[in-house]
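# Fold and contact review
Take a look at the letters that make up each chain.
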Amino acid sequence: MAAKRGITLYHSPASRAFTAYWMLEELGVAFDVKSVDIRKGEQKSREYLKLNPAGKVPTLTDGDVVVSENPAIAIYLADRYSYGQLAPRIEDPDRGAYLKWMVYSTAVVDPVAVLHRQNVDVSGFSAGFGTFDDMVEVLSSVLMDRKYLLGERFSAADVVLGATVSFLLHRRVLPEHAALVDYNARLTAREAYHRAADATWPAAIFQSV
């Protein structure tokens, strides 16, 4: 039996699925979008849960391949469609940092920020992701003297972590540290970012701070 072909992004406007949409725009590959209205609970439908048992967006299918979670989607897409460009090759010394920042975006930055918005700051000793202040210091220090996470080189890690930084700056969760604001300005100036924002955030919520 022939393998299925074509990329489909299961997406809900004004959600974290923006990250996967931006990634696809950076790649310039053809893709279809299927809307999942999370405000109506469509992500919990029996049909959708077969693709993503967590009942979250985004989910991406590429032929017979099914991928969920933004870092996993970005790693998959970059390796398959931009290996050696948006994705450092396995033998590239930057590959380690690239993977670290991919994981850091959703394993540390996002949960710490969500807790902080609820006035919950967990001790860095008791939680694997550390404190809010620790997270801010890590991000601001690494971006203080470089253009992107890997230096002068833009990568898929900037899409995944950068989308989170952009959202958190807009919501005034992250402090307006010069390194973070400047980094966000570089990201929001990218054409692919604007195409994704125009398609997924009708109120133009993602703008330079």
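Above this text is the structure in question.
What comes next is a walk through the structure. Computed from a predicted model, the values in this text were never measured in an experiment.

## Structural notes on the side chain of Ser155
Inspection of the secondary structure assignment puts Ser155 in the loop between helix 5 (132-143) and helix 6 (156-170). Taking relative accessible area as the criterion, Ser155 reaches 0% and is therefore assigned buried.

## With respect to the packing of aromatic side chains
Any two aromatic rings considered together are summarised by their centre-to-centre distance and by the angle between their planes. Counted by the stated rule, this structure contains seven aromatic pairs. With a centroid separation of 5.3 Å and an interplanar angle of 75 degrees, the aromatic rings of Phe18 and Tyr193 are classed as edge-to-face. Of the two residues, Phe18 is situated in helix 1 (residues 18-27) and Tyr193 in helix 8 (residues 191-200); the sequence distance between them amounts to 175 residues. Side by side, Phe18 and Tyr193 carry an identical accessibility label, which is buried. Put simply, the rings of Phe18, Trp22 and Tyr193 pair up and form one aromatic cluster. If you follow Arg190 out to its NZ or CZ, it ends over the ring of Phe154, 3.5 Å from the centre.

## A word on the environment of Gly41
In this fold, Gly41 is placed in the loop between strand 2 (32-35) and helix 2 (46-51). Placed ten residues apart in sequence, Gly41 and Phe31 show a C-alpha to C-alpha distance of 24 Å.

Here is what the cut-offs are and how they apply
- Residues numbered from 1 in each chain as written.
- Predicted model: local features only at pLDDT ≥ 70, side-chain atom pairs only at ≥ 80, totals over all residues.
- Heavy atoms only, no water.
- Helix = DSSP H or I, 4+ residues; strand = E, 2+ residues; numbered from the N terminus.
- Buried < 20%, exposed > 50% of the residue type's maximum accessible area, 1.4 Å probe, protein only.
- Phe/Tyr/Trp six-rings, centres within 6.5 Å; stacked < 30°, edge-to-face > 60°.
- Lys NZ or Arg CZ within 6 Å of the ring centre and 35° of its normal.

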